[in-house]
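Okay, here's what each chain looks like letter by letter:
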Amino acid sequence: MLQTIICKKVRKYIDEDANEKLAEAQTSSKLGDALEANALKMISVGGDEKSRIDVASIFDSSLASKFFIDFRLKEHPICHENTVELASWGEISYMGQGDTPFGPVDASWPGKSPFKANVVDSVTSKDSMIELVVSDFLPNSLLYHAYVQRFIKVLLTPRTKGVASFLRTTCEGSFCISDLAPQLAEQYPNSTVELAMSATRAPAVLFSEKNGGTISVSMGGLVVVFAVNGNHRRQVIVVDLDVVADARLSIQGHNVSGSVELRKFELKRRTGTVDISDAEIDDIALLVSQLAENLLNGLLVNGMPLPLPHVLRIKDSHINVLSRRMHIQVDVDVDERRLSKLASQTFFKTPQFSDVNLSPIRRMVRPVPFLEGRQQISQFNFNNWSTDSARRIFR
């Protein structure tokens, strides 16, 4: 009788209460919440504290707060022995409105199906606890909508941490922008400089198998240079920017590391009051490309923290960049105590599980955290189970 009552109650909690909770779950999330925006704030580039650049400070904060990732399922889950496969849309759009003018590409599993016995990945020859296939539709949808909403822009001023000494027309014992363009010092001495960059087309990301797996990024932009002296701010030069970069990534512990190569970095003068020749612009482009490449590689050498749930710890990982998709394999340790507390906070706050005066049946089906500090069932009572012992234990 006890078993029948317990099973009936558990079925009710799962079929009604748990499903009701799941039905309340959001199908989209702010990009900042999904990626734990604090991870970006942890990234800085440079040597000593004064010269470090806070990466998060140069990007528009709206990218994290006004863009949503759609993780609705695009097909029914597939369940097999010890395995479940979920396929989500993964579209990132402004305020979750969607309407991306292009669709996702092939995101099939590389060289195997995790649901067929004795079929092993031809690349890594291993099965992993968690496997993800991410198409380049995900970053491209973000970049498209960010471009349409005019969020792809960067403004560097003397107030930007780490670049104040560089943005001066008069160099005082340190490298500054006048070392690249001496004409600035001649025409605008003792001034500060502001650099404003905005995209002129939606940046594009391409995942490919070349050179063992490469992520290519193409971007076009406009760079405007302002000279500032006191309350006077004057536009001095406008140049077009065209960039193509290749990146190779790997996971080391809880960080993403790798290397970047700028295959193309072109500057073309459009307008301006500073007299700079095309040859001088080419020299500036070469030097700036080397500085930018070193900056990016310095960022990746230090590693960017992975925004992982706190209940997971990475044991082993592998990234395999394929044609139009990326295959990520991870083995993890699970912090069972944190996961149990998270489950109790999420699913077990219904009246059935949160009553102060618990019945014996409810005590039995409540999760482990609720039993902490309560009387535990001894091995003797398990071995000598009876109605009387049940009354004593759950009294």
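As annotated in an unreviewed UniProt entry, the protein is Lipid-binding serum glycoprotein C-terminal domain-containing protein from Caenorhabditis briggsae.

Undergrad: I'm lost on the environment of Phe71 in this one. Help?
TA: Mapping Phe71 onto the fold places it in the loop between strand 4 (67-70) and strand 5 (78-80). Take Phe71: its relative accessible area is 38%, and that puts it in the partly exposed class.

Undergrad: Explain the state of the cysteines to me, please; I cannot follow it from the model alone.
TA: On inspection of all chains with the given rule, the structure shows 1 disulfide. Here Cys171 pairs with Cys176 through a disulfide, and the sulfurs are 1.7 Å apart. Measuring the twist about the S-S bond at about -70°, one finds the Cys171-Cys176 disulfide to be left-handed. Judged by its relative accessible area of 29%, Cys171 is partly exposed.

Undergrad: Can you help me understand helix 5 (residues 137-148) in this one?
TA: Since the α-helix packs 3.6 residues into each turn, any two residues three or four apart lie on the same face. Here helix 5 contains 12 residues, and its C-alpha end-to-end distance of 16 Å stays within 8% of the 16 Å for a straight helix at 1.5 Å per residue. Taken together, the buried positions of helix 5 are Phe137, Pro139, Asn140, Ser141, Leu142, His145 and Ala146. Arg150 sits one or two positions beyond helix 5 and adopts a positive phi of about 60°.

Undergrad: Please explain the pairing of strand 17 (residues 325-334) as it appears in this structure.
TA: Regular strands have side chains that alternate between both faces of the sheet. Burial within strand 17 is extensive, with 8 of its 10 residues counted as buried. Where strand 8 (residues 130-135) meets strand 17, 6 bridges bridge the pair, whose relative direction is antiparallel. Within strand 17, the position partnered with Leu132 by the bridge is Ile328. Pairing of strand 16 (residues 312-322) with strand 17 involves 10 bridges; the strand directions are antiparallel. Paired with Val321 across the bridge in strand 17 is Met326.

Thresholds applied
For every chain, the first residue of its written sequence is number 1, and the numbers climb from 1 along that sequence. With pLDDT at 70 or above as the cut-off, local features in this predicted model cover only qualifying residues; side-chain atom pairs require 80 or more to be listed or tallied, and sums for whole chains, interfaces and linings still use all residues. Note that the side-chain values use all heavy atoms of the structure and ignore hydrogens as well as water. Numbering of helices and strands starts at the N terminus; helices are DSSP runs of H or I of at least 4 residues and strands are runs of E of at least 2. Exposure categories follow from relative accessible area, calculated using a 1.4 Å probe and restricted to protein chains: below 20% of the type maximum is buried, above 50% is exposed, and the middle band is partly exposed. Criterion for a disulfide: a pair of cysteine sulfur atoms at a distance within 2.5 Å. Here the expected span of a helix is defined as 1.5 Å times the quantity of residues minus one. Paired strands, as defined in this entry, are two strands with at least two bridges between them according to DSSP.

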